[in-house]
Amino acid sequence: MQHAGNNFNIKVNDIIVRYNDEGPKEASVIIFIHGFPLNKSMWDKQLKSLKDDYRVIAYDIRGHGNTDVGAIDFSIDLFVNDLLGFMDALKIEKTIICGLSMGGYIALNAIENHSDRFTALILSDTNCTADSPEAIEKRMNTIISIKENGVEKLANNLLPNLFAPESFETNSEEIAAVKEMIVTTSKQSLYNSLHALANRNETCSKLSGIKVPVLILVGEEDKITPIEAARAMNVKIRNANLHIIPHSGHLSNLENPYEFNSQLTKFMATVKPI
Ligand code: MLT
């Protein structure tokens, strides 16, 4: 079977998962988990930058990109179960994991509950708290708005929160690509994911139990998961380092890939090979 390449399919639980898998098969593995409502292509620049030295895998979460929606209600626990099933299907016993925002919620839940499967963690533009009642209400209003006004309107509302103001001058290609990711996500998946995000549990109370090395990255102008959220996690995780990524908002890996990748590479050099 061909190992390295893009857009492979694999059966995981009740769905077919689409994924990219690059780099030497025997190298340490890093699995990248995207944010909402995006897909695996948001990690293209990280895969390209690391693939000479690591086996780098990015997959589409259930209902995103080209992965099936399935017939089960979404939850972060289900996404974690999919991640573990995906690792089993690829025969990956242990991995380094990198999650951005919703991907970070999944990564934190996974590592706190299945610590034996993960050897290092990269948390990007994410947090460990559950939604406040106001945030839950906002998500439910977003569902109503998608039903009334469509997905294009959702994308136009999300973009100014996802990107730093300066990215609208300097990063129009990335903004167009992210807009495309949002408008091509099915409405059913958007509704399901908004419910999953609204119902997720906090992961802050178990942060002190994380024993693997952790890198925390956050865009200096992240409005969705701001620097304070990253600092709060950094204080609670024993073995963590925090770096603020300049010239970026919530999508720091896309807005400043140079700095993001450079921090990632430095961190990876400190992680013991699996
Ligand atoms: C994300 O980027 O995954 C979302 O902004 C997460 C969220 O809405 O909590």
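Scroll up to find the structure this text is about.
Think of each chain on its own: its residues are numbered from 1, step by step along the sequence as written. With the structure being a predicted model, the display of local features is reserved for residues of pLDDT at least 70 and the display and counting of side-chain atom pairs for 80 or more, all residues being used for whole-chain, interface and lining totals. For the side-chain quantities, the full set of heavy atoms in the structure was used; hydrogens and water were omitted.

## So, the overall build of the chain
- Secondary structure elements are defined from DSSP: runs of H or I of at least 4 residues count as helices, runs of E of at least 2 residues count as strands, and each element is numbered from the N terminus. A count of helical and extended segments in the chain gives 11 helices and 8 strands.
- Taken against the 2.2 N^0.38 rule, which gives 19 Å for 274 residues, the C-alpha radius of gyration of the chain at 17 Å falls within 12% of a compact globule.
- Oriented by its inertia axes, the alpha-carbon framework of the chain measures out at about 50 × 40 × 35 Å.
- Looking at the 274 residues of the chain, the share that counts as buried comes to 56%.
- The contact criterion used throughout is that any non-hydrogen atoms of two residues lie within 4.5 Å. Long-range contacts, defined here as pairs at least 24 residues apart, represent 74% of the contacts in the chain between residues at least 6 apart.
- Across the chain, 27 positive and 34 negative side-chain charges occur, with their mean positions spaced 4 Å apart. Restricting the calculation to C-alpha atoms gives the radius of gyration, and the globule rule supplies 2.2 Å times the number of residues raised to the power 0.38. To sort residues, take the accessible area from a 1.4 Å probe on protein chains only and compare it with the maximum for the residue type: under 20% means buried, over 50% means exposed, and anything in between is partly exposed. In this tally, Lys and Arg are treated as positive and Asp and Glu as negative; His is ignored, and so are the chain termini. Every charge is mapped onto a representative atom, which is NZ of Lys, CZ of Arg, CG of Asp or CD of Glu.

## Structural notes on the environment of Asn127
- For Asn127, the location among the structural elements is in the loop between β6 (118-124) and α4 (133-149).
- We classify Asn127 as buried; its relative accessible area is 11%.
- Through-space distance from the C-alpha of Asn127 to that of Asn9 is 30 Å; in sequence the pair is 118 residues apart.
- Any pair of nitrogen or oxygen atoms within 3.5 Å is treated as a polar contact; in protein, a donor-acceptor pairing is required on top of that, and neighbouring residues in sequence qualify only through side-chain atoms on both sides. One polar contact links the side chain of Asn127 to the main-chain amide nitrogen of Thr129, over a distance of 3.1 Å.

## Comments concerning unusual backbone geometry
- Backbone torsion omega between Phe36 and Pro37 reads -10 degrees, so that peptide bond is classified as cis.
- With respect to the secondary-structure elements, Pro37 resides in the loop between β3 (29-33) and α1 (44-50).
- Unlike most non-glycine residues, Asn7 shows phi in positive territory, near 60 degrees.
- The residue Asn7 is located in strand β1 (residues 5-12) in this model.
- Residue Asn7 is classed as partly exposed on the basis of its relative accessible area of 37%.
- Phi is positive for Asn13, close to 50 degrees, though the residue is something other than glycine.
- By the element assignment, Asn13 lies in the loop between β1 and β2 (15-22).

## Thoughts on the sheet that holds β3
- Taken together, 8 strands build an open sheet; the order of strands is β1-β2-β4-β3-β5-β6-β7-β8 and the sheet is mixed. The strands lining the two open edges of the sheet, one partner per strand, are β1 and β8 (240-245). Adjacent strand axes in the sheet meet at a mean angle of 20 degrees when their direction is disregarded.
- Bridging between β3 and strand β4 (residues 55-59) involves 5 bridges; their strand directions are parallel. Note that in β4 the partner of Val29 across the bridge is Arg55.
- Lines fitted to C-alpha atoms define the axes here, with helix axes fitted over just the stretch in contact, and angles between the N-to-C directions of these axes take values from 0 to 180 degrees. Contacting β1, β2, β3, β4, β5 (95-100) and β6, helix α2 (residues 76-89) crosses the sheet at an angle of about 105 degrees to β1.
- On the sheet, helix α9 (residues 227-236) packs against β6, β7 (214-219) and β8 and is oriented at approximately 165 degrees with respect to β8. DSSP-based pairing: two strands are paired if at least 2 bridges between them are found.

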